[in-house]
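So the chains spell out like this:
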Amino acid sequence: MSSYYALFSAVLAERYLQKLDGAMDHWEVHFLRRGYDFLRRGIPEGAISALNYLELPPDRRAAAFTGPMPVTPLTSREAEEIRRGLGHVIAMDERRMVVSVPSVAASTRMPTARFG
């Protein structure tokens, strides 16, 4: 992930986890699955788009999509799999954010500049 949006993967995963904990209709299940799939594949732009649709109020959905939502209900097994996957996205992002600090031994071997 090298895009600017990749910086938000963990935040997006946390938002999807929040949605996963609540009751969802067919629309929400569809876009939760899509968003998770985008995050899993390292495409945060797609996850952002799916989250925008997921959070669309029911009265505005018809303007974005017409027709039936061919979605099967979310099973507890699938929800747990998504939960683990989102946790993995968060953990990988945290690991990426860890900054290594050079050891004292390494810093003593480095030349220093004196001013004054």
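Scroll up a little and you will see the structure.
Each chain has its residues counted from 1, running along the sequence as written. At least 70 in pLDDT is required for a residue's local features to be given in this predicted model, at least 80 for side-chain atom pairs to be given and counted, and no such filter applies to totals for whole chains, interfaces and linings, which use all residues. Calculation of side-chain values draws on the structure's entire complement of heavy atoms; hydrogens and water are dropped beforehand.

A.B. asks: Explanation requested: the overall build of the chain in the structure shown.
C.D. replies: A run of H or I in DSSP counts as a helix once it spans at least four residues, and a run of E counts as a strand once it spans at least two, with each numbered from the N terminus. Secondary structure assignment for the chain yields 6 helices and 0 strands. The order of helices and strands in the chain, counted from the N terminus, is α-α-α-α-α-α. Only protein chains enter the accessibility calculation, which uses a 1.4 Å probe; a residue is then buried when its area is under 20% of its type maximum, exposed when over 50%, and partly exposed in between. In the chain, which comprises 116 residues, the proportion classed as buried is 29%. Only heavy atoms matter for contacts: two residues are in contact if any of them lie within 4.5 Å across the pair. Here the analysis covers contacts within the chain between residues at least 6 apart in sequence; of these, 78% occur between residues at least 24 apart.

A.B. asks: How do you make sense of the packing of helix H2 (residues 26-40) against helix H3 (residues 44-54) when you look at a structure like this?
C.D. replies: Packed helices, taken two at a time, are described by the angle between their axes plus the distance between the axes. Two elements in contact, H2 and H3, have axes separated by 8 Å at closest approach and are oriented at 170°. Here H2 is positioned roughly antiparallel relative to H3, judged by the angle of their axes. Once H2 is placed against H3, the crossing between them reads as left-handed. On H3, the residues touching Trp27, Glu28, Phe31, Leu32, Arg34, Gly35, Phe38 and Leu39 of H2 are Gly46, Ala47, Ala50, Tyr53 and Leu54. Residues are grouped as follows: Ala, Val, Leu, Ile, Met, Phe, Trp, Tyr, Cys and Pro are nonpolar; Asp, Glu, Lys and Arg are charged; every other residue, Gly included, is polar. Among the residues forming the contact of H2 with H3, the class breakdown is 9 nonpolar, 2 polar and 2 charged. Helix axes use the C-alpha atoms of the stretch in contact, all axes being lines fitted to C-alpha atoms, and the angles between their N-to-C directions lie in the range 0 to 180 degrees. For classification purposes, an angle smaller than 35 degrees is called roughly parallel, one larger than 145 roughly antiparallel, one from 65 to 115 roughly perpendicular, and anything else oblique. Two helices crossing with the near one rotated counterclockwise from the far one by less than a right angle form a left-handed crossing, whereas a clockwise rotation gives a right-handed crossing.

A.B. asks: Please explain the packing of helix H1 (residues 9-20) against H3 as it appears in this structure.
C.D. replies: For the pair H1 and H3, interaxial distance at closest approach is 10 Å and the crossing angle is 30°. Comparing the axis directions of H1 and H3 gives the class roughly parallel. Between H1 and H3 the crossing geometry is left-handed. Judged by residue contacts, Ser9, Leu12, Arg15, Tyr16 and Lys19 of H1 engage Pro44, Ala47, Ile48, Ala50, Leu51 and Leu54 from H3.

A.B. asks: Teacher, can you tell me more about the side chain of Glu28 here?
C.D. replies: Looking at where Glu28 falls in the secondary structure, it is placed in helix H2. Excluding its chain neighbours within four sequence positions, the residues that come into contact with Glu28 are Ala23, Leu54 and Arg61.

A.B. asks: So what exactly am I meant to see when it comes to H1 here?
C.D. replies: Look at H1: 16 Å from first C-alpha to last across 12 residues, which is about the 16 Å you get at 1.5 Å a residue. What H1 keeps buried is the set Ser9, Ala10, Leu12, Ala13, Tyr16, Leu17 and Leu20. One side of H1 holds all its buried residues, which, seen down the axis, span an arc of 155°. Each helix should span, by expectation, one fewer than its residue count multiplied by 1.5 Å. Taken from the helix axis, the directions to the C-beta atoms give the arc we talk about.

A.B. asks: When you look at the nonpolar core in this model, what are you seeing that I'm missing?
C.D. replies: Taken as a class, soluble globular proteins show a tendency for nonpolar side chains to be buried jointly. Nine residue types can take part in a nonpolar core, namely buried Ala, Val, Leu, Ile, Met, Phe, Trp, Tyr and Cys, and a core is a set of them joined through side-chain atoms within 4.5 Å. Core analysis: the biggest nonpolar cluster contains 25 residues, and Tyr16, Leu39 and Leu86 have the highest contact counts within it. Looking at this core, the elements that each hand over two or more residues are H1, H2, H3 and helix H5 (76-97). Ranked by residues supplied to this core, first place goes to H2 with 7 residues. Among all residues touching Tyr16, those that are not within four sequence positions of it are Phe31, Leu32, Gly35, Leu39, Ala47, Ala50, Leu51, Leu54 and Leu86.

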